[in-house]
Every structure is written in structure tokens, then in C-alpha cells.
Amino acid sequence: MPRTLLIVLDSVGIGGAPDGARYGDAGADTVGHIAEGCAAGRGDRPGLRAGPLRLPNLTALGLGLAAQGATGRVPPGLEPQGPVRGAHGHAAETAAGKDTPSGHWEIVGLPMLEDWGHFPDTRPAFPAELTRALIEAGNLPGILGDRHASGIAIIDDCGAEHVRTGKPICYTSADSVVQIAAHEEAFGLERLYDLCRIARDLCDAYRVGRVIARPFVGTAEAGFRRTGNRKDFAVTPPAPTLLDILADAGRAVVSVGKIGDIFAHRGTGREIKPGSNAACLTAALDALRDLPDGGLVFVNLVDFDTEYGHRRDLPGYAAELEAFDARVPEIEAALGAGDLCIVTADHGNDPTWTGTEHTREQVPILAFGPGVAARDLGARASFADIGATVAAHLRVRAPEHGISWL
């Protein structure tokens, strides 16, 4: 029985969202603008990388052609240098929003067609009653932040006062999210998680998709830095996804990275959370080696988004793409007869764009493995076509949404 490896390159969009203007993102193009920036010398960083964007393996699987389908142009350096060996296409999101849960849920067959709750870009950003309830239930002296902010910047701004007063740093963004940052030692890591659980319950009334714990360490003098102990507290999916279908069918599922958090740990099987992109990919390939027939390994590679997209770091993003590309042959070698690998994304995060938020973009679909024929999958009307295809490949019933290309 076949198996599937589903890899989400977090935020690696390819532009061209039909409704991008609604989100202020008309023209945003994560991969395209990174390639253009590298071609113009803006992707150079001493000791890291230099020159044009080099993604020979992803290009051979059809990344450049997928980008061309989304935007009408092939990004510089991503022109195929021979026959493409993978099935390739591009997909638009039907769900409202441009955040992680929306993208991932739609990938496995559950597009959220109603808007999530968001907080305005004002000071304060949070409703007074929500703030009061959090302070009371969390036994807090108050909160800091209470605005839209970049996580790195607000910790730099408020970290010292947080350590001095014990007030956690609470902030939001254009996503449906409440983020709470606190010092692992001065405030306590488990106390931060407990506070986020309280906030999760309180935020249900506001239709907030995620509450995220953002622990950090350090001092004002030496600088603060976030740790790898982030934890997401997502709302539970309101309807079955492909993961639930696989669980009901008794199939093995291995979730790597933040997949477990995104789905509120429902249907996510064995969960592994190693840390970096490289560590997550290694863990996914290790899991694939032992995966029973008919199983799924589902991995999110978050560093593209958190380390480079939100920080508007074009050279860093380019280097991370090249690092993933270098491991594509390793992925191909790990696939057995009948196995299918799909590489896609959940939204964009164009490092050349204004602000620090996600960008509404189409995503690539690169499908490959032994026996997978090279073909143009064209424009897919929903990310849910991915989940429908995985269901067909694994021979389980299809989710309610999506059309398989098999």
C-alpha cells in the first residue's frame, strides 16, 4: 500500500493570489522577489551566500513553472534546464485569511470560509474586557504591549520592564492571534504555558485562531533572544480533516514540527517537534523509513516564516531555500515504490514586502516519487486539492472539499 510525505514550506508562496488586493498584498511574491533580489545582488551576505538564487532540484521538479502559472513569469534562475521530472502546479486559497491554521486546514480538506476574529491595529489592540479577564484569571499585575508588533522588536522594547514587573508581553498581528512573550526564568516556562491555556479559553469568544507562547531568555544588557520552546494553542478544527479520516481508518500518522499544535493535537498521531528546518526534515525522513504502508508523514518547516519572512531577511530566506533544495535528492532517495511526496506551502511571507506580516499568495504544488509522471497540474482552485489527492493515493475516503488530480 502506498505512503505519503507531505512537506509544508511555511510561507514559501509564489505570488499571484487572485484576491491579494483585498489583503493589501497585490503583487506580493515571496519566491519571485527573493529570486529577483538575489539576481540584483541584494541576496548577498558575507559568509552566508552570494549571487543568483540557486534551486536546481526544486526547479527540476517544476517550481519555476509553478511560479509562472501563478504570476505569468518564471523567477530569475528558476527556468528549467531540461525536462521537468515532477508533477507541478499552483493553488489559490479559498479560506479567509492568510495565516497558518487557515492554510494547513485547507491543505487537508477543511477551508475556513468564515472570517477569523482579528484585533485592530490600535493601541490598545485588545478589548478591555479580554485584558481584564486575562489579568484576573492569570493572577497578573498587568500586561505589556497590547498592540500589533513584531515579536523580536516588542521583546527588545518591553523585555526589561517585563522582567522587572512580572507583566507578560501580549501582542497581536494581522493574523487571528494572541501572542504572549515571557522570560523562561523570571516568569517561568510552565507558567507561560498555563497563561496561554487561560487565554485560549478566553479567546474562543472572539474567534481567535491561535494563542502562541513566545518564551525568551537573556538580559537587557546582553540582549534577549527567543527560545525553541514556542507552543501554539490553536482552536480545534470544527469539522473532520484528512487527519481524522486517516485516524478513523487506523492509518499511521506522524506529525513533525508544529503540525500537532496547528490541529490542536487531533488526528495528528505520533508527534515529533525537533526544532529547526534541518532537524524537522531529518526527523520526517527518519519517520518515513519506519512508516507502515498506508501512512502519512506531515511536516512543517517553519524557519522560512519565523526566522526570515517576518524579519524581512532576504539573504537568510534565500540561503534557507537553497539549504532545503540541497536535500531534495535525499528526500527522493527515501521514497519507496508507490510513495508520493508533495511539497507545498501555507501562505506567503515576502521578505521584500512592507511591514512584517504574512502575504496572501498562491502556493506551489510539487508532487514526485517513483512512478509519478511529470505533468502540469495547472491552477488548482483550492489548497484542498492536495488533501483530496493524498486521500486518493492512500486509498481512504476523500475529505468533503477538494478535487484529486490523480
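Residues numbered from 1 in each chain as written. Predicted model: local features only at pLDDT ≥ 70, side-chain atom pairs only at ≥ 80, totals over all residues. Heavy atoms only, no water.

Trainee: Sorry if this is basic, but what is going on with the packing of aromatic side chains here?
Mentor: For any pair of aromatic rings, the description consists of the separation of the ring centres together with the inter-plane angle of the planes. Per the stated rule, a full pass over the model turns up six aromatic pairs. Aromatic side chains F216 and F224 sit 5.3 Å apart centroid to centroid with 80 degrees between the ring planes, which places their arrangement in the edge-to-face category. The burial state of F216 is the same as that of F224; both residues are buried. One aromatic cluster is present, formed by F119, F126 and Y206 through successive ring pairs. (Phe/Tyr/Trp six-rings, centres within 6.5 Å; stacked < 30°, edge-to-face > 60°. Buried < 20%, exposed > 50% of the residue type's maximum accessible area, 1.4 Å probe, protein only.)

Trainee: For this particular structure, what's the right way to read the sheet that holds strand 10 (residues 270-272)?
Mentor: Backbone-to-backbone hydrogen bonds pair the strands of a sheet. The strands run either parallel or antiparallel. Across the sheet, eight strands lie side by side as 10-9-11-1-12-13-2-14; this open sheet has mixed pairing. At either end of the open sheet lies a strand with only one pairing partner, and these are strand 10 and strand 14 (375-380). In this sheet, adjacent strand axes meet at a mean angle of 15 degrees when their direction is disregarded. (Pairing = 2+ DSSP bridges. Helix = DSSP H or I, 4+ residues; strand = E, 2+ residues; numbered from the N terminus. Axes fitted to C-alpha atoms, helices over the stretch in contact; angles between N-to-C directions.)

Trainee: Sorry if this is basic, but what is going on with the nonpolar core here?
Mentor: Across soluble globular proteins, you tend to see nonpolar side chains buried next to one another. Residues L5, I7 and F324 are the most contacted members of the largest nonpolar core, which totals 82 residues. Element by element, the count of residues in this core is highest for helix 10 (residues 277-290), at seven residues. Setting aside chain neighbours within four positions, we find F324 in contact with I7, L9, L58, L281, L301, F304, I331 and V343. Judged by nonpolar contacts, the second largest core, of 22 residues, contains L192, Y193, C196 and A213. (Core = buried A, V, L, I, M, F, W, Y, C linked by side-chain atoms within 4.5 Å. Contact = heavy atoms within 4.5 Å.)

Trainee: Could you clarify how one ought to interpret unusual backbone geometry in this entry?
Mentor: Note on backbone geometry: most residues besides glycine have negative phi, and most peptide bonds are trans. The omega angle of the peptide bond from R123 to P124 is 0 degrees, so this bond is cis rather than trans. Residue placement: P124 occurs in the loop between helix 4 (100-107) and helix 5 (128-138). Unusually for a residue other than glycine, D146 sits at a positive phi of about 55 degrees. When you line up the elements, D146 lands in strand 3 (residues 144-148). Unusually for a residue other than glycine, A264 sits at a positive phi of about 50 degrees. In this fold, A264 is placed in the loop between helix 9 (259-262) and strand 10.

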